[in-house]
Amino acid sequence: MSTTGPLVRSAPARFALRMPRRHRLMLLLAFEIMVLGFVQAMVQPVRRPGITIEMSVTPRHVVT
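Let me sum up the structure you'll find in this document. Values in this document were obtained by computation on a predicted structure and should not be read as measured data.

### Some remarks on the overall build of the chain
For the chain, the helix and strand inventory stands at 2 helices and 0 strands. Looking at the chain as a whole, 0% of its 64 residues are labelled buried. Carbon and sulfur atoms make up 64% of the accessible area of the chain, which amounts to about 7600 Å² in all.

### A closer look at a nonpolar patch on the surface
Where nonpolar side chains cluster on the molecular surface, the patch consists of Phe31, Met34, Val35, Phe38, Val39, Met42 and Val43 and spans about 750 Å² of accessible area. A relative accessible area of 55% means that methionine 34 is categorised as exposed.

Rules and cut-offs
Residues numbered from 1 in each chain as written. Predicted model: local features only at pLDDT ≥ 70, side-chain atom pairs only at ≥ 80, totals over all residues. Heavy atoms only, no water. Helix = DSSP H or I, 4+ residues; strand = E, 2+ residues; numbered from the N terminus. Buried < 20%, exposed > 50% of the residue type's maximum accessible area, 1.4 Å probe, protein only. Areas by Shrake-Rupley, 256 points an atom, 1.4 Å probe, with all protein chains shown as cover. Patch = residues over 30% accessible without salt bridge, like charges linked within 9 Å, V, L, I, M, F, W, Y side chains within 5 Å. Salt bridge = Lys/Arg side-chain N within 4 Å of Asp/Glu carboxyl O.

In C-alpha cells:
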C-alpha cells in the first residue's frame, strides 16, 4: 500500500481531555451516594419482612 503524501498525526486537543465541572460533580455525588449506602448497610442491615404474632393473655382468645 503506498501513500501519496507524508503521514500526519494530529495531537489531541488539550481542552478535550478535561472533564466538565458538572460531570465531575455528578461523579462525586454518585460516589458519595454509593459510600453512604454501603455505610448504612453496615450499620443498619436490612431486616427481613415478617409478621409479629403476640400471644394473648386471655384463654381461648382469637388474635386476628
